[in-house]
Amino acid sequence: MTLRLRAACALFVMFVCLTTVSALAQQSPASSNATNEMPSVTTVPTAAQPSPNFNVDAATEAYLAQIPASSRARSDAYFEGGYWLILWDFLYGAVISLLLLNLRWSAMMRDLAERLTRFKPLQTWIYWIEYSILTFVLGAPLAIYEGYTRERQYGLATQTFGPWAWDQTKGLLIGIVLGGLLVMALFGIVRRLPRTWWLWGAIFTMVFFVFTVLIAPVYLQPIFNKITRLNDPKITQPILSMARANAIDAKDVYQIDASRQTTRMSANVSGFGQTMRITLNDNLLRRGSPEEIQAVMGHEMGHYVLNHIYKDLLLFFPIVIVVGFALLKWSLDWCLERWGERWQIRGIGDTAIVPLVVLVLSIFGFVMTPVFNTHIRTEEREADMYGLNASRRPDGFAQAAIHLGEYRKMRPGPIEEFLFYDHPSGYGRIHRAMQWKAENQMLFEATPANLPTGSAQP
Ligand SMILES: [Zn+2]
């Protein structure tokens with residue numbers, strides 16, 4: 001239900017700062033081609049109407065039956081293609097790193113930086129700029145296919161090539177500045193603390209990560225999109241009422257013009273402390289029914305009330321980052337002993353080592369994909385259940401799951417879900433919503449005022 005910024009930021013710090021392809025710009029491209037749109041479910045199917053014989057499986061199947069076979073085939077193909085892209089991204093990136101090392105381009109970039117200045121931190125930053133631009137160019141063919149061509153093929157993109165490429169360039173510039181700060185600091189730490197750098201490096205990276213998550217909603221997101229206060233009381237009143245009922249101190253709801261890049265519907269919770277906010281994207285506002293929007297907002301409030309951002313910042317990511325740095329400490333020494341001379345890398349404090357660092361971290365990230373996915377998916381499921389209880393909109397939730405099925409396969413096998421899904425499958429979500437409805441039928445029978453009416457499309 002969310003393209004969560006914190007997940008994007010995690011990747012941002014672990015990989016993107018080190019590979020320069022900004023995950024913030026990753027909100028993908030797109031063209032407003034409506035062919036991929038799922039039906040706007042406006043009626044609660046008969047089998048999902050409250051009745052003494054309400055059957056959870058039958059209600060779930062009735063919702064799934066509203067998706068035309070062609071739409072399902074299309075979103076299955078799109079999503080399954082994404083599995084392969086995980087592999088191609090990894091291999092393509094690995095080949096780039098190995099080329100930079102074996103052709104000694106990395107060493108040459110370091111030599112150039114050293115010729116330009118004698119000041120060490122500046123040398124590091126110059127190297128980082130060279131590295132960022134070179135990998136941006138070398139990575140372009142796959143990035144264009146994945147982020148532009150393929151998104152347009154599936155009708156998910158709304159941008160033409162020019163604006164899309166400009167977004168990518170903005171991501172590159174952010175990577176050069178923010179990633180540059182991180183890399184300069186980390187090399188400073190490595191050079192001063194040759195034995196314990198991995199621990200201090202991990203601590204600094206965590207602090208930097210927290211800083212990035214904190215500033216992202218206010219300073220980074222607006223670089224790509226316009227974020228405004230949502231001023232339609234018809235939409236904000238029920239949301240703010242739900243917020244008050246759940247002890248959330250929110251005065252405003254925000255909207256983001258995601259349709260600039262994509263047709264995807266989504267919402268997210270981002271930032272923390274003073275910058276924490278709940279944002280709906282304009283595709284959801286435009287195409288979602290009122291109860292669908294409320295169901296989605298209930299889910300987002302679940303992330304908030306269940307403190308998912310804090311749990312991630314203080315528990316999950318610190319573990320990942322420390323393990324990542326420990327792995328670096330061990331593997332960099334091992335690799336340099338064998339190939340350091342051939343790659344002309346003088347030691348761990350030499351910037352020419354960057355492609356090797358990126359390679360090691362990308363292997364780590366690739367292997368850990370199911371673990372990361374399962375962590376996020378577990379939180380998403382918690383937020384789902386919280387959202388159902390808070391919004392009491394199981395049918396709105398089912399509608400949202402179908403809309404999200406435009407870019408996610410609805411019904412994966414269990415192993416497939418474990419490996420590749422960072423959100424529960426659409427089938428699982430609808431099934432749990434119908435289970436919730438079955439257990440709460442009294443809410444839907446009594447007075448007409450209680451009835452989620454099915455939903456008039458705005
Ligand atoms: Zn979520």
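A quick note: this is a predicted structure, and the numbers were derived from the prediction, not measured.

Conventions used here
- Residues numbered from 1 in each chain as written.
- Predicted model: local features only at pLDDT ≥ 70, side-chain atom pairs only at ≥ 80, totals over all residues.
- Heavy atoms only, no water.
- Helix = DSSP H or I, 4+ residues; strand = E, 2+ residues; numbered from the N terminus.
- Buried < 20%, exposed > 50% of the residue type's maximum accessible area, 1.4 Å probe, protein only.
- Contact = heavy atoms within 4.5 Å.
- Areas by Shrake-Rupley, 256 points an atom, 1.4 Å probe, with all protein chains shown as cover.
- Donors = N, O, S within 2.8 Å, 3.2 Å for Na, K, Ca; no water.
- Tetrahedral: all angles 85-135°; square planar, octahedral: opposite > 155°, others 65-115°.
- 1 Å grid on protein atoms, 1.4 Å probe; cavity = no way out; pocket = protein on both sides within 12 Å on 5 of 7 lines; lining within 4 Å.
- Points joined across faces, edges and corners; volume = space filled by probe spheres on them.
- Pairing = 2+ DSSP bridges.
- Axes fitted to C-alpha atoms, helices over the stretch in contact; angles between N-to-C directions.
- pLDDT = per-residue confidence, 0-100.
- Salt bridge = Lys/Arg side-chain N within 4 Å of Asp/Glu carboxyl O.
- Parallel < 35°, antiparallel > 145°, perpendicular 65-115°, else oblique.

Caption draft 1: Layout of the overall build of the protein chain. Summing up its helical and strand segments, the protein chain has 16 helices and four strands in all. Counting over 458 residues, the protein chain shows a buried share of 56%. Excluding contacts between residues fewer than 6 apart, the proportion of contacts in the protein chain whose partners are at least 24 apart in sequence is 80%. Looking at the protein chain as shown, the accessible area adds up to about 19,600 Å², and 64% of this sits on carbon and sulfur atoms.

Caption draft 2: Layout of unusual backbone geometry. The phi dihedral of R104 falls on the positive side, at around 60°, and the residue is not glycine. Along the polypeptide, R104 turns up in the loop between α3 (69–102) and α4 (105–116). Judged by its relative accessible area of 32%, R104 falls in the partly exposed class. Despite not being glycine, A247 has its phi angle at roughly 60°, a positive value.

Caption draft 3: Just the coordination of the zinc ion, in detail. The zinc ion binds to the protein through H299 (NE2), H303 (NE2), E380 (OE) and E380 (OE); the donor distances cover 2.0 to 2.8 Å. Given four donor atoms and angles of 51 to 139° at the metal, the environment of the zinc ion is assigned as irregular. Counting the intervening residues between successive donors of the zinc ion yields the motif H-x3-H-x76-E. With H299 and H303 both in helix α10 (residues 290–305) and four residues apart, this pair spans about one turn of that helix. By relative accessible area, which is 0% here, H299 ends up buried.

Caption draft 4: Region of the structure containing the layout of surface pockets. Reported here for the second largest pocket is a volume of approximately 390 Å³. Along the wall of the second largest pocket there are 20 residues; nearest its centre are D249, A250, D252, M276 and R277. At the level of secondary structure, the elements contributing two or more residues to the lining of the second largest pocket comprise α8 (233–245), β4 (277–281) and α10. The element contributing the most residues to the lining of the second largest pocket is α8, with three residues.

Caption draft 5: Representation of the sheet that holds strand β3 (residues 267–270). The mixed open sheet is built from four strands, whose spatial order is β1-β2-β4-β3. The open sheet has two edge strands with one neighbour each: β1 (227–229) and β3. Within this sheet the neighbouring strands show an average axis-to-axis angle of 30°, counted without direction. Pairing of β1 with strand β2 (residues 254–256) involves three bridges; the strand directions are antiparallel. Directly across from T228, in β2, lies its bridge partner Q255.

Caption draft 6: A look at the confidence of the model for the protein chain. For the protein chain, per-residue confidence averages 88 on the pLDDT scale, and 88% of positions sit at 70 or higher. For the protein chain, the element scoring lowest by mean pLDDT is helix α1 (residues 5–19), at 37; α4 scores highest, at 98. The low-confidence segment residues 1–36 (pLDDT under 50) makes 145 contacts with residues lying over four places distant or belonging to another chain. Low pLDDT, under 50, characterises residues 446–451; the stretch is placed with two contacts to residues that sit more than four places away or in other chains.

Caption draft 7: Examining the pairing of β4 more closely. Among the five residues that make up β4, five are buried, leaving the element largely enclosed by the rest of the structure. Both faces of β4 are covered, namely the face carrying R277, T279 and N281 and the face carrying I278 and L280. By the bridge criterion, three bridges tie β2 to β4 in an arrangement that is parallel. Considered in β4, the bridge of I256 is made with N281.

Caption draft 8: A look at the pattern of salt bridges. Under the counting rule described, the total for this entry stands at 16 salt bridges. Between D249 and K251 there is a salt bridge, and its shortest N-O distance comes to 2.8 Å. The residues D249 and K251 share a single accessibility class, namely exposed. For the salt bridge of E416 with K409, the shortest nitrogen-to-oxygen distance reads 2.7 Å. Per residue, the accessibility class of E416 equals that of K409, and both read buried. Bridged by salt links that share partners, the residues R110, D111, E114, R346 and D350 form one connected network.

Caption draft 9: Molecular detail of the environment of G171. Residue placement: G171 occurs in helix α6 (residues 161–192). In sequence terms G171 and L220 are 49 residues apart; their C-alpha atoms lie 9.7 Å from each other.

Caption draft 10: Representation of the packing of helix α5 (residues 120–153) against helix α12 (residues 354–391) in the model. Where α5 contacts α12, the axes come no closer than 11 Å and their chain directions differ by 60°. When the axis of α5 is compared with that of α12, the two are oblique. Taken together, the residues of α12 that come into contact with α5 (itself represented by Y127, W128 and Y131) are V354, P355 and V358.

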